[in-house]
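Per-entry structural report
For reference, the chains in residue letters:
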Amino acid sequence: MYFTILDHYPDRNMENRWNAFLAQAFMPTHYTTPDFFVDRFVGAGDRFAILVTDDDKHIAAVLTGINKGKTIESGLAVRPQTVFRKGVDVAQTAKALAAALKNKAGKSTELITFYSWSKIDEIEKMDFNCKTSGNDDLIIMLDLSSGADNIFKDFSQTRRNDIRKAIKQDLLEIKDLETAEELGQLYAIHLKWNAQKGIEPDKFEDFKVASEQKEYRKVIIAKFEGKVIAGSYYRFCKGGVIEYAANNSLSEYQKLRPNDLIGWRSIEWACSRGFSHYSMGGSHLFLRRFGGYEVATNRYQHDRTFLRTHQKKEAVRDMFVKTYLSIPVETRKKIKRLAGKT
């Protein structure tokens, strides 16, 4: 196995090889495509990609990430950015990935982190600590091979009823974002939504560019009486995974169930376009009502500090969380109330 580390968009030859690999990969997502280098929402830091090739010069795995100096980070628990070719020797390929990550690390790098859809036991022998995700880091996944009708049958009864009611009422128009006016209305909702949650909104220019990237993004909106009242955002890799990335909506129209209906139309669209899986990007109740199954990803970390400082700090945090969760719910509520008064 050999590896190549890129810090820029690949040339045409490598781009073609990379895209050919994605067509044969298991669970490829948008952030494992070459477009990772030009996407506006990747985050701060120096972007890089590791491409592992076999003896036949075929790409066996791809990992994308960000070098932040003291840390190297690839993906999130709900969004792995490591993908392997189907049928490849995962053990040998993962060792090459681990070696490449260590090669990428500079003298000041303290911690290397990446995530994988599946557990890779062999990589732990290269001093990478494994932790399987749980609780809030679980993902609800839909296998789209069964078709939209069968997927709908797996929705919760409440979700099916709400969608049928919304369709019967015929008050909402569900469509792709198309016009500048629709974009402006949706961005206003985005600003309001983020202000309510105390989150920094995306810049309008980034918002606009993302809405125009039809090759790997999709925005579906709901309109009521000609006015945009909700919108959901999706990332995807053709033939691979489509990911539910975010939603913005007006609370005063929630009784019309715009987000439920948008979700259903996005699933219908994904099935019609041949995607393999639909990732909900999380596991809270609204997402669980779309059926599917839980996926726990795996985090791998290489702590390069002398005394494994990062691992020890996390162990302490985990102990406190475990202790807190073992306390009766009513006692936890009292603790929260007291903490709010301090």
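Residues numbered from 1 in each chain as written. Predicted model: local features only at pLDDT ≥ 70, side-chain atom pairs only at ≥ 80, totals over all residues. Heavy atoms only, no water.

Digging into the packing of aromatic side chains
Enumeration according to the criterion identifies 19 aromatic pairs in this entry. A ring pair is formed by F114 and F128, whose centres lie 5.8 Å apart and whose planes are at 70 degrees; its orientation type is edge-to-face. One end of the pair, F114, is in strand β6 (residues 111-116); the other, F128, is in the loop between β6 and β7 (129-132), and 14 residues separate them in sequence. A relative accessible area of 1% places F114 in the buried class. (Phe/Tyr/Trp six-rings, centres within 6.5 Å; stacked < 30°, edge-to-face > 60°. Helix = DSSP H or I, 4+ residues; strand = E, 2+ residues; numbered from the N terminus. Buried < 20%, exposed > 50% of the residue type's maximum accessible area, 1.4 Å probe, protein only.)

Observations concerning unusual backbone geometry
Not every positive phi belongs to a glycine, and M27 is a case in point at roughly 60 degrees. Relative to the helices and strands, M27 is located in the loop between α1 (12-22) and β2 (46-53). For M27, a relative accessible area of 7% corresponds to the buried category.

Description of the sheet that holds strand β13 (residues 277-279)
In space, the 7 strands of this open sheet follow the order β9-β10-β11-β12-β13-β8-β14, with mixed pairing throughout. The sheet terminates laterally at β9 (172-176) and β14 (293-295), the two strands that pair on one side only. In this sheet, neighbouring strand axes are inclined to one another by 30 degrees on average, regardless of whether the strands run parallel or antiparallel. In this structure, β9 lies alongside strand β10 (residues 217-224), joined through 5 bridges in antiparallel fashion. The residue of β10 that forms the bridge with I174 is A222. (Pairing = 2+ DSSP bridges. Axes fitted to C-alpha atoms, helices over the stretch in contact; angles between N-to-C directions.)

What about the pairing of strand β12 (residues 241-249)?
Within a regular beta strand, the side chains point alternately toward one face of the sheet and then the other, so they alternate between its two faces. Burial analysis of β12 places 7 of its 9 residues in the buried class, which makes it a mostly covered element. Here 7 bridges tie strand β11 (residues 227-236) to β12, and the two strands are oriented antiparallel to one another. Following the sheet pairing, S232 is matched in β12 by N247. Between the antiparallel neighbours β11 and β12 lie 4 residues, among them G239 with a positive phi of about 80 degrees. Taken together, β12, helix α7 (residues 258-272) and β13 form a β-α-β motif whose crossover is right-handed. (Right-handed = clockwise from strand over helix to strand, strands pointing away.)

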